[in-house]
Amino acid sequence: MKKQIYLDYAASTPIDPRVLRVMMPYLKEEYGNPSSTHQFGQRAQAAIEKAREQTARFLHCKADEIVFTGGATEANNLVIRGIAGVGKKKVHIVTSAIEHESVLEPCRTLEKQGIAEVTYLKPQADGVLRVEDILGAITDNTVLVSIVYANSEIGTIQPVQEIGRGIQEIRSNKNGDWPVFHIDAVQAANFLDCNVETLGADFVTLSGHKIYGPKGVGVLYKKEKTFLSPVLKGGGQEMGLRSGTENVVGI
């Protein structure tokens, strides 16, 4: 039998043995619900908070700015749908035509529902977006700019730091809070600077299975005091932004 060689790491990575070793107790002995007040639950909650602090150190942010989700698709949807619920009037979103479907599809849905108008910017021939095109597309009604950091299909890296600085300047000139800036950094986490202060981002999305972790868990960085309406409602887990019993072993 011929040996198979796996070259699709942009789609998914194997679980690193060190990651699996840390996960194992929460698959076997530590099965408590982190919302429970007894010791079983509180040990699970402590594990989540430790992971939250580790993730915050990687992103150079505060621990309470980290929201764990069921994956990057959910995190992207949370940003787009959560920001679109900012008010009663129709909002404007700026994104690109080469985003992941987990950004494009919720944008298209909001358009069909009459909730948002969306500008889909096309990249140049080399696959890179022009910063001036993005900033020039922003209107008084723009609430969100969502740009992928590194593209999983063609490998292009977008100038997100420049975009972030430009958006901050626009907000400063308007003396306002809008638009907010979201970066899908799923493909970037292994290779590029993900310091949120450097990026100038209000939201950043990560995915566990792209960085040698399990599938079915994601991260959303949400800048402190930035508005976001929850999509999943229930028990109020994850600071009220992502209800549902946490995936302790994945986190």
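Below is a short write-up of the structure.

Rules and cut-offs
Residues numbered from 1 in each chain as written. Predicted model: local features only at pLDDT ≥ 70, side-chain atom pairs only at ≥ 80, totals over all residues. Heavy atoms only, no water. Salt bridge = Lys/Arg side-chain N within 4 Å of Asp/Glu carboxyl O. Helix = DSSP H or I, 4+ residues; strand = E, 2+ residues; numbered from the N terminus. Buried < 20%, exposed > 50% of the residue type's maximum accessible area, 1.4 Å probe, protein only. Pairing = 2+ DSSP bridges. Axes fitted to C-alpha atoms, helices over the stretch in contact; angles between N-to-C directions. Contact = heavy atoms within 4.5 Å. Phe/Tyr/Trp six-rings, centres within 6.5 Å; stacked < 30°, edge-to-face > 60°. Lys NZ or Arg CZ within 6 Å of the ring centre and 35° of its normal.

**Structural notes on the pattern of salt bridges**
And then number 1: Summed over all chains, the structure comprises eleven salt bridges.
And then number 2: Arg 52 is the partner of Glu 238 in a salt bridge, and the nearest nitrogen-oxygen pair spans 2.8 Å. Of the two residues, Glu 238 is situated in the segment after strand E7 (218–222) and Arg 52 in helix H2 (residues 39–59); the sequence distance between them amounts to 186 residues.
And then number 3: Between Lys 62 and Glu 224 there is a salt bridge, with the nearest N and O atoms lying 2.8 Å from each other. With Lys 62 in the loop between H2 and strand E1 (66–69) and Glu 224 in the segment after E7, this pair connects stretches of sequence that are 162 residues apart.
And then number 4: Given a relative accessible area of 42%, Lys 62 falls into the partly exposed group.
And then number 5: According to the relative accessible area criterion, Glu 224 is partly exposed, its value standing at 37%.

**Thoughts on the environment of Glu 153**
And then number 1: Following the sequence through the fold, Glu 153 ends up in the loop between strand E4 (142–148) and helix H6 (160–174).
And then number 2: Glu 153 sits 53 residues away from His 100 along the chain, and the two C-alpha atoms are 9.4 Å apart.

**Topic: the sheet that holds strand E6 (residues 203–207)**
And then number 1: Read from one edge of the open sheet, seven strands run E1-E7-E6-E5-E4-E2-E3, paired in mixed fashion. Both edges of this open sheet fall to E1 and strand E3 (116–121), since each of them pairs with a single strand only. Taken over all neighbouring pairs, the strand axes of this sheet differ in orientation by 20° on average, direction set aside.
And then number 2: Alignment of strand E5 (residues 180–184) against E6, held across three bridges, turns out to be parallel. Bridge assignment links Ile 183 to a residue of E6, and that residue is Val 204.
And then number 3: Sheet strands in contact with helix H4 (residues 101–112) are strand E2 (91–96), E3 and E4, and its direction is about 140° off that of E3.

**Quick word on the packing of aromatic side chains**
And then number 1: Considering all chains together, one arrives at three aromatic pairs under this definition.
And then number 2: On the basis of an interplanar angle of 15° and a centroid distance of 6.1 Å, the ring pair of Tyr 31 and Phe 40 is categorised as stacked.
And then number 3: Of the residues examined, Phe 40 reaches a relative accessible area of 39% and is grouped as partly exposed.
And then number 4: Cluster of aromatic residues (ring-pair linked, three or more members): Tyr 6, Tyr 9 and Tyr 212.
And then number 5: Lying across the ring of Phe 40, Arg 43 places its NZ or CZ 5.3 Å from the centre.

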